[in-house]
Amino acid sequence: MTFLEHVLEFFLVAGLVVALGLVMTYFVARSYVRRHWRLLHGHVAVRGILATVALVAAGRERYAGRATPEDLSRGAASRVRRRMRVAVEDAEIAVAHAESHDAPVAELPAVCRSLQRVADELDGLLRLERRLPQGAGRADLRRQVAEVIGAARDVQAAAVRAGSDATEPQVRSLVRHARDELDIVATALASMRSVARPH
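Here goes a summary of the coordinates provided. (Residues numbered from 1 in each chain as written. Predicted model: local features only at pLDDT ≥ 70, side-chain atom pairs only at ≥ 80, totals over all residues. Heavy atoms only, no water.)

1. Structural notes on the overall build of the protein
Looking only at helices and strands, one finds seven helices and zero strands in the protein. Ordering the α and β elements of the protein from the N terminus gives α-α-α-α-α-α-α. When the 199 residues of the protein are sorted by exposure, 19% land in the buried category. Pairs at least 24 apart in sequence give 66% of the contacts found in the protein among residues at least 6 apart. As presented, the protein carries roughly 15,000 Å² of accessible surface, and 64% of it is formed by carbon and sulfur atoms. (Helix = DSSP H or I, 4+ residues; strand = E, 2+ residues; numbered from the N terminus. Buried < 20%, exposed > 50% of the residue type's maximum accessible area, 1.4 Å probe, protein only. Contact = heavy atoms within 4.5 Å. Areas by Shrake-Rupley, 256 points an atom, 1.4 Å probe, with all protein chains shown as cover.)

This is how it looks when you write it as structure tokens:
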């Protein structure tokens, strides 16, 4: 065996030992955390870490809600693809919800299907984008992604408005019924208090 073969053999064995050690460490740590989660859950450090994670997640959600479609179409292709998918899925969910409550959605389900097809095409192009040189091709593609995200948001907003209009009579009826019941309870309590007072 040559010296190079010995070195390669050593690195192969060392790599396997390190990988095995990492796997064992992962499983031991996971079982420890699972067994002692109740004790760890109340610990100040764990609560601080969980609060930090929740704060970061809330900040990301707030950013996504305020960001314009142009903002969402910027950045790494994988992030842009995910943002576009989320926008289209949110529109589909809003339309399905409005439709399930008999709200007038007109052709919004067909629009959602079209958005999904266009998003699939743009998704494929975004995967290939990293191979393109910097230039107009990227700008055009990102502009199209921004337009799809904007259209998906418009469809979502229209579906939410339609669903809100469809549920408004039910909400008014429920509020009216609750007020009537509260008036009955208030009258009954006033009646009980007047009977309970000594004359």
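2. What to know about the nonpolar core
Core analysis: the largest hydrophobic core is formed by 26 residues, its most contacted members being Met84, Val145 and Val155. Listing elements by their share of this core, those giving two or more residues are helix 5 (77-100), helix 6 (108-129) and helix 7 (136-196). Beyond its immediate chain neighbours, meaning those up to four positions away, Val145 contacts Ser73, Val80, Met84, Leu122 and Leu126. (Core = buried A, V, L, I, M, F, W, Y, C linked by side-chain atoms within 4.5 Å.)

3. With respect to the packing of aromatic side chains
Each pair of aromatic rings is reported with the distance of its centres and the angle of its planes. Tallied over the full model, the rule gives two aromatic pairs. Consider the rings of Tyr26 and Phe27, whose centres lie 5.2 Å apart with planes at 70°: the pair is edge-to-face. For Tyr26, a relative accessible area of 47% translates into the label partly exposed. Residue Phe27 is classed as partly exposed on the basis of its relative accessible area of 44%. (Phe/Tyr/Trp six-rings, centres within 6.5 Å; stacked < 30°, edge-to-face > 60°.)

4. Re the packing of helix 5 against helix 6
Two numbers describe how helix 5 lies on helix 6: the axes approach to 10 Å, and their chain directions differ by 170°. The orientation of helix 5 relative to helix 6 falls into the category roughly antiparallel. Listed contacts from helix 6 to Ala77, Val80, Arg81, Met84, Arg85, Val88, Ala91, Glu92, Val95 and Glu99 of helix 5 are Leu108, Pro109, Cys112, Leu115, Gln116, Ala119, Asp120, Leu122, Asp123, Leu126, Arg127 and Glu129. For the contact of helix 5 with helix 6, the residue count by class is 13 nonpolar, one polar and eight charged. (Axes fitted to C-alpha atoms, helices over the stretch in contact; angles between N-to-C directions. Parallel < 35°, antiparallel > 145°, perpendicular 65-115°, else oblique. Nonpolar A, V, L, I, M, F, W, Y, C, P; charged D, E, K, R; others polar.)

5. Thoughts on unusual backbone geometry
Of note in the backbone geometry, Asp102 takes a positive phi value of approximately 60° without being a glycine. Its place among the elements puts Asp102 in the loop between helix 5 and helix 6. Even without glycine at this site, Ala106 takes up a positive phi of about 50°.

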